[in-house]
Amino acid sequence: MNIISFSIINIGGLAIGLSAVILIVIWIQNELSYDRFNKHAENTYRVTREFLNADGSTNIHLATIALPYAPLIKENFPEVEKVTRFLKDDNLIRYNEIKFTEHNIIWSDENFFNVFSFKFIKGSSQTALVNPNTVVITKDMAKKYFGRDDVLNRTIFYGEKRVPLKVTGVIENIPDNSHFHFDLAISFITIRQFIPKEDFVSDWGGNNYFTYVLLKPNADPAAIEAAFPKFLDKVMPAYGGVPGGKNNKLHLQKLTDIHLHSNLQAEAEPTGSIKYVYIFGCIAFFILLIACINYINLTTALASKRLKEVGVRKVIGAMRKQLFYQFFIESLLIILIALSLAVMAVFLFLPVFQRFNHTVYTFTRQQFFMLCGYIFVLLMLTAFLAGGYPSLYISAFKPIAILKNKFRINSTKISLRKTLVVFQFTISIFLITAVLIISRQVHYMQNADIGFNKNWIITLPSNDSIRRNF
């Protein structure tokens, strides 16, 4: 094998492995970044409600709570700076002759945009939802109904009753790395037209409201959660003589933990899992290990071509340390070239990767620098794994044996190389087998006989007009 073929195989193998690792790192970084774009993310908590059985075990744990809780929490806990909530909805939206059934509508409190940091293009986050019959829409909704985003004070109509809603704000589309999404946010005060007044103070069973608290700096969420039982006994009516705090629990769930550490009932959207982050992190490490082992084996196998170079350099006074640095820097340059090609490949294949994951990866300046830091760590780790051993191995050659043509490769070196090859193939076979099994499972789920022809069944959105004329 000549030096050109050796370089192509080495650089190509490393580049493919590194590109796969970088794509996995991008996915992991995105999973870990959920909701962190919010300015107050570290002090924002979701209030969840747990219902208990008679023996104290969990009956059901909801991500939502009842309508009366929000103002009472603000009133009873001075550590809470702000409380906000929203209710998910879908209904018909009209503008002139344009009408669509929108499935990403929320009814949100007036301070909703003071807790969550969604970027305003037009309008003010402080006042957008203060008045009744007002709505904030995303940029995509503005273009969908009006063809542009400069649409303040335009009026759209909600539902069959055509409730007028004045547009008081236009925001950027909700980032993909948010645990909930919406296209229209209607002022919460508007909902009083549809909900009886007494429900705001006595409807303890309608657990449909996602409720969040913004704590003051240095407030202790654990202390607040510990005070919830007395709070429930105080504000909730007793059922059958049992205080409200005996069969209910309220919990505080950190905003940045929701996506990866929550799997409650009535979640706003399907969540992820920290287990997948660990699994794919391990897969990335094994892919990197396979690429490094491939590099080590090729480099040590071709070491005999550099015997005379090492012998001559040692005879004229080169120290082993100097030779180690030379070969390590050579390895580092090869790895750097491979990493550059890997970054280019990631740039080219990222759109395909995004379509595969149904996610658009966006990077803030901080996230971009973090990704660059991860890539630098990846470079150093690869250099240590792939470049360290070959450099030590080649620099250890004995000059006298080389120059007298009596040098023989130590059998222990060969056995180590064989061990690395066996390990490499074992990991490769394991990963390929896992991919094939998962692929077959997915294919089976998509093509299994479910007892009816799903292509002949349609689902229609239901509204008042359809129900009246069914």
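None of the values given here were measured: they were computed from a predicted structure. (Residues numbered from 1 in each chain as written. Predicted model: local features only at pLDDT ≥ 70, side-chain atom pairs only at ≥ 80, totals over all residues. Heavy atoms only, no water.)

**Notes on the overall build of the protein chain**
Thought 1: From N to C terminus, the protein chain includes 14 helices and 11 strands.
Thought 2: In the protein chain, which comprises 470 residues, the proportion classed as buried is 43%.
Thought 3: Pairs at least 24 residues apart make up 75% of the contacts formed inside the protein chain by residues separated by at least 6 positions.
Thought 4: As presented, the protein chain carries roughly 26200 Å² of accessible surface, and 61% of it is formed by carbon and sulfur atoms. (Helix = DSSP H or I, 4+ residues; strand = E, 2+ residues; numbered from the N terminus. Buried < 20%, exposed > 50% of the residue type's maximum accessible area, 1.4 Å probe, protein only. Contact = heavy atoms within 4.5 Å. Areas by Shrake-Rupley, 256 points an atom, 1.4 Å probe, with all protein chains shown as cover.)

**What to know about the pattern of salt bridges**
Thought 1: One pass over the structure, following the stated rule, counts eight salt bridges.
Thought 2: Note that Glu81 and Lys82 form a salt bridge whose closest N and O atoms lie 3.4 Å from each other.
Thought 3: Residue Asp109 pairs with Arg85 through a salt bridge whose shortest N-O separation is 3.1 Å. On the criterion of sequence distance, the pair formed by Asp109 in the loop between strand S4 (98-108) and helix H3 (112-115) and Arg85 in strand S3 (residues 80-95) is long-range, its members being 24 residues apart. (Salt bridge = Lys/Arg side-chain N within 4 Å of Asp/Glu carboxyl O.)

**Topic: the nonpolar core**
Inside soluble globular proteins, nonpolar side chains tend to come together where they are buried.
Thought 1: In terms of nonpolar packing, the biggest core is built from 33 residues, with Leu18, Ile22, Ile26, Leu339 and Leu378 touching the most fellow members.
Thought 2: Elements supplying a minimum of two residues to this core: helix H1 (3-32), helix H8 (274-301), helix H10 (320-357) and helix H11 (365-395).
Thought 3: At 11 residues, H1 tops the list of elements feeding residues into this core.
Thought 4: Core analysis: the second largest hydrophobic core is formed by 26 residues, Leu67, Tyr158, Leu165 and Phe188 among them. (Core = buried A, V, L, I, M, F, W, Y, C linked by side-chain atoms within 4.5 Å.)

**Some thoughts on the packing of aromatic side chains**
Thought 1: Enumeration according to the criterion identifies 32 aromatic pairs in this entry.
Thought 2: Measuring from ring centre to ring centre gives 5.1 Å for Tyr69 and Trp204, while their planes differ by 70 degrees; the resulting arrangement is edge-to-face. Taken together, the residues Tyr69 in helix H2 (residues 69-76) and Trp204 in the loop between helix H5 (199-202) and strand S10 (209-215) connect sequence positions 135 residues apart.
Thought 3: For Tyr69, a relative accessible area of 0% translates into the label buried.
Thought 4: On the accessibility criterion, Trp204 (6% relative accessible area) is buried.
Thought 5: Through a chain of ring-to-ring contacts, the aromatic side chains of Phe37, Phe86, Phe112, Phe113, Phe116, Phe118, Phe120, Phe180, Phe182, Phe210 and Tyr212 assemble into a single cluster.
Thought 6: Looking at Lys144, its charged tip hangs above the ring of Phe100, at a distance of 4.2 Å from the centre.
Thought 7: The aromatic ring of Phe200 is capped on one face by Arg192, whose charged end is 4.1 Å from the ring centroid. (Phe/Tyr/Trp six-rings, centres within 6.5 Å; stacked < 30°, edge-to-face > 60°. Lys NZ or Arg CZ within 6 Å of the ring centre and 35° of its normal.)

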